[in-house]
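Spelled out from the first residue to the last, the chains are:
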Amino acid sequence: MEKKPGKEHRIVIVGPESTGKTTLCSELAGHYQTLWMPEYAREYVEKLKRPYTQKDVLHIARKQTEMEEEYAQKTSLLFVDTDLIITKVWLLHIYGSCPGWIDKWLKNAPRMLYLVCKPDLPWEYDPVRENPGLRDYFMEWYCREIESYGFPFKFVSGKGDARTESAIASLEKVINPGFLQ
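Residues numbered from 1 in each chain as written. Predicted model: local features only at pLDDT ≥ 70, side-chain atom pairs only at ≥ 80, totals over all residues. Heavy atoms only, no water.

Caption draft 1: Structural detail: the environment of Ala 169. Assignment of secondary structure puts Ala 169 in helix 7 (residues 161-172). Spatially, the C-alpha atoms of Ala 169 and Arg 62 are 32 Å apart, while their sequence positions differ by 107 residues. (Helix = DSSP H or I, 4+ residues; strand = E, 2+ residues; numbered from the N terminus.)

Caption draft 2: Expanded view of the side chain of Arg 135. In this structure, Arg 135 sits in helix 6 (residues 135-148). Although buried, Arg 135 forms no salt bridge, and the nearest oppositely charged side chain, Asp 136, lies 6.8 Å from it. Within the structure, the side chain of Arg 135 is placed 3.5 Å from the backbone oxygen of Pro 119, a separation counted as a polar contact. Polar contacts involving the side chain of Arg 135 include one to the main-chain carbonyl oxygen of Leu 121, which spans 2.7 Å. In contact with Arg 135, not counting residues within four places along its chain, are Pro 16, Glu 17, Ser 18, Thr 19, Pro 119, Leu 121, Pro 122 and Trp 123. (Buried < 20%, exposed > 50% of the residue type's maximum accessible area, 1.4 Å probe, protein only. Lys, Arg positive; Asp, Glu negative; His and termini not counted. Salt bridge = Lys/Arg side-chain N within 4 Å of Asp/Glu carboxyl O. Polar contact = N/O pair within 3.5 Å; in protein donor to acceptor, adjacent residues only side chain to side chain. Contact = heavy atoms within 4.5 Å.)

Caption draft 3: Spotlight on the pairing of strand 5 (residues 153-156). Pairing between strand 4 (residues 113-117) and strand 5: four bridges, direction parallel. Paired with Cys 117 across the two strands is Val 156, which belongs to strand 5. You can see the chain leave strand 4, run along helix 6 and come back into strand 5, and the turn it takes is right-handed. (Pairing = 2+ DSSP bridges. Right-handed = clockwise from strand over helix to strand, strands pointing away.)

Caption draft 4: Representation of the pairing of strand 4. Most of strand 4 sits inside the fold, with five of its five residues counted as buried. Alternating positions in strand 4 separate into two faces, Leu 113, Leu 115 and Cys 117 on one and Tyr 114 and Val 116 on the other, with burial throughout. Pairing analysis gives four bridges linking strand 1 (residues 10-14) to strand 4, with the strands arranged parallel. Residue pairing in the sheet places Val 12 in a bridge with Tyr 114 of strand 4.

Caption draft 5: Local environment of the environment of Ile 86. Topologically, Ile 86 is positioned in helix 4 (residues 84-95). With 26 residues separating them along the chain, Ile 86 and Ile 60 place their C-alpha atoms 11 Å apart.

Caption draft 6: Highlighting the packing of aromatic side chains. Per the stated rule, a full pass over the model turns up ten aromatic pairs. Ring centres of Tyr 137 and Trp 141 lie 5.8 Å apart, and the angle between their planes is 70°; this geometry places the pair in the edge-to-face category. You can see Tyr 137 and its partner Trp 141 sitting in helix 6, four residues apart, about one turn around the helix. Classification of Tyr 137 as partly exposed rests on a relative accessible area of 39%. (Phe/Tyr/Trp six-rings, centres within 6.5 Å; stacked < 30°, edge-to-face > 60°.)

Caption draft 7: The side chain of Thr 34, seen in detail. By secondary structure assignment, the location of Thr 34 is in the loop between helix 1 (21-32) and strand 2 (35-37). With a relative accessible area of 13%, Thr 34 lands in the buried category. Within the structure, Thr 34 has its side chain in polar contact with the side chain of Thr 75 (distance 2.6 Å). At a separation of 2.3 Å, a polar atom in the side chain of Thr 34 contacts the main-chain carbonyl oxygen of Leu 77.

This is how it looks when you write it as structure tokens:
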């Protein structure tokens, strides 16, 4: 896809653990013939030979923002697998604080839409997942944070193709048809 101006054409997929965010990003990027940016936290934590620390989470946050800017330079429509909304909530939940630069970054983040994956898929064990019993709790917290920044969001639900179709239906309402041509 040829790069066109408009950083606002970033769609962020968030949601609790084990809700299909990565799969959805990949499928949406394929559907719209564009790029998607993977979640850096997964890659980083999988390589650690020890439990992660607050310093690690802050490193992940910085790297995630750097990667997003790099990807955004390559395409006019970018799907982002998680962003600092999740990092902020994680920092507050685990460590009780979040540095001001994260809030500042989020206030200025170019966002067309957040797609919030509902926890209606079965939990799948994964060594980097931690909270199978808190998925509704985190989904509600993510939504409160998204609303606090004034970003629009839509819920995504369903299994398999129905989940992707749910996301596409929401996107078709916000993406200008002429934009992708």
